[in-house]
Amino acid sequence: MKVHFIQHESFEGPGVLANWCRARGYEASYTRLWLGESLPQSLQGVGLLVVLGGPQSPATGIAECHYFDARAEQALIARAIAGQVAVLGICLGAQLIGEALGASFEPSPEVEIGFFPVTLTAAGRVHPGLESFGDSVTLGHWHHDMPGLTADSKVLAFSEVCPRQIVEYGARVYGFQCHLEFDAEAIEALISHSTAEFSQPHPWVQPPDVLRQAETQEMNVLLWQFLDWLVR
């Protein structure tokens with residue numbers, strides 16, 4: 001199987017998603033937008049499209065970020081969904097999925113950076129891809145916004161300050177506002193490019209020294225289990 005990643009920035013990569021591809025023997029390809037690479041014209045042979053996060057929002061225009069074309073990404077996502085390609089959006093990627101389906105993103109009630117619990121909804125607790133999550137689990141977060149909801153979408157998990165952490169948009173289409181893909185390298189990369197985020201104390205922003213000490217293995221395993229279920 002081929003997995004294609006849309007990566008917006010060098011410092012917000014696939015994390016352990018790349019490890020999962022290697023471990024499962026899947027072919028991984030990338031569009032690295034900050035390098036000026038173009039979105040794929042065709043998704044022929046792609047079984048899973050992963051749209052990663054970034055400091056942009058779906059409202060960011062080309063004038064603000066010349067290599068980020070939100071409408072073009074939404075069109076690609078829409079083509080993937082129409083073509084029965086599985087789609088996973090993370091953070092910004094989750095918001096772009098909602099936009100592609102006609103649901104506008106919104107500011108999250110609070111900025112959330114760090115490792116905080118998420119709680120599964122009734123729909124989440126019976127979802128086969130989340131069966132190892134339990135009722136609540138601590139996951140990574142790094143966001144200001146959250147994805148919009150369509151009439152048919154289901155919220156599968158929420159946190160204390162963000163009501164839309166995991167959203168099911170369709171049988172093979174999911175948005176994760178949370179970051180289960182974080183590992184030590186990914187966290188360090190984000191810290192090095194986000195000094196302004198830590199300039200003022202905030203109840204839902206953990207300081208860099210706390211982030212560096214976070215244990216990510218449990219949530220990484222949960223992500224792998226979800227991905228194995230999704231591609232089946």
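First, a word on what this report is: a plain description of the structure on this page. (Residues numbered from 1 in each chain as written. Predicted model: local features only at pLDDT ≥ 70, side-chain atom pairs only at ≥ 80, totals over all residues. Heavy atoms only, no water.)

## Notes on the packing of aromatic side chains
- What the rule picks out here adds up to 9 aromatic pairs.
- Judged by centre distance (5.9 Å) and plane angle (90°), the rings of Trp142 and Phe198 are edge-to-face. In this pair, Trp142 sits in strand S6 (residues 136-146) while Phe198 sits in the loop between helix H5 (184-192) and helix H6 (208-212), placing the two residues 56 residues apart along the sequence.
- Overall, Trp142 belongs to the buried group, its relative accessible area being 9%.
- Seen from their ring centres, Phe176 and Phe226 are 5.0 Å apart, and the 50° between their planes marks the pair as tilted. In this pair, Phe176 sits in strand S9 (residues 173-176) while Phe226 sits in helix H7 (residues 217-231), placing the two residues 50 residues apart along the sequence. (Phe/Tyr/Trp six-rings, centres within 6.5 Å; stacked < 30°, edge-to-face > 60°. Helix = DSSP H or I, 4+ residues; strand = E, 2+ residues; numbered from the N terminus. Buried < 20%, exposed > 50% of the residue type's maximum accessible area, 1.4 Å probe, protein only.)

## Section: helix H2 (residues 70-82)
- For H2, which comprises 13 residues, the first-to-last C-alpha distance of 18 Å matches the rise-based estimate of 18 Å (1.5 Å per residue) to within 8%.
- Residues of H2 that are buried: Ala70, Glu73, Gln74, Leu76, Ile77 and Ala80. The buried residues of H2 occupy one face: seen down the axis, they fall within an arc of 160°. Turned more than 90 degrees off the buried face of H2, the exposed positions are Arg71 and Ala82.
- Tucked inside the fold, the buried residues of H2 contact strand S1 (2-7), strand S3 (46-51), strand S4 (86-90) and helix H3 (92-100). (Expected span 1.5 Å × (residues − 1). Arc of directions from axis to C-beta. Contact = heavy atoms within 4.5 Å.)

## Looking at H5
- Those residues of H5 that sit buried are Ala186, Ile187, Leu190 and Ile191. For H5, the angular spread of buried residues about the axis comes to 135°, placing them on one side. Facing away from the buried surface of H5 by more than 90 degrees, the exposed residues are Ala184 and Glu185.
- Where H5 is buried, its residues touch strand S5 (106-120), S6 and H6.

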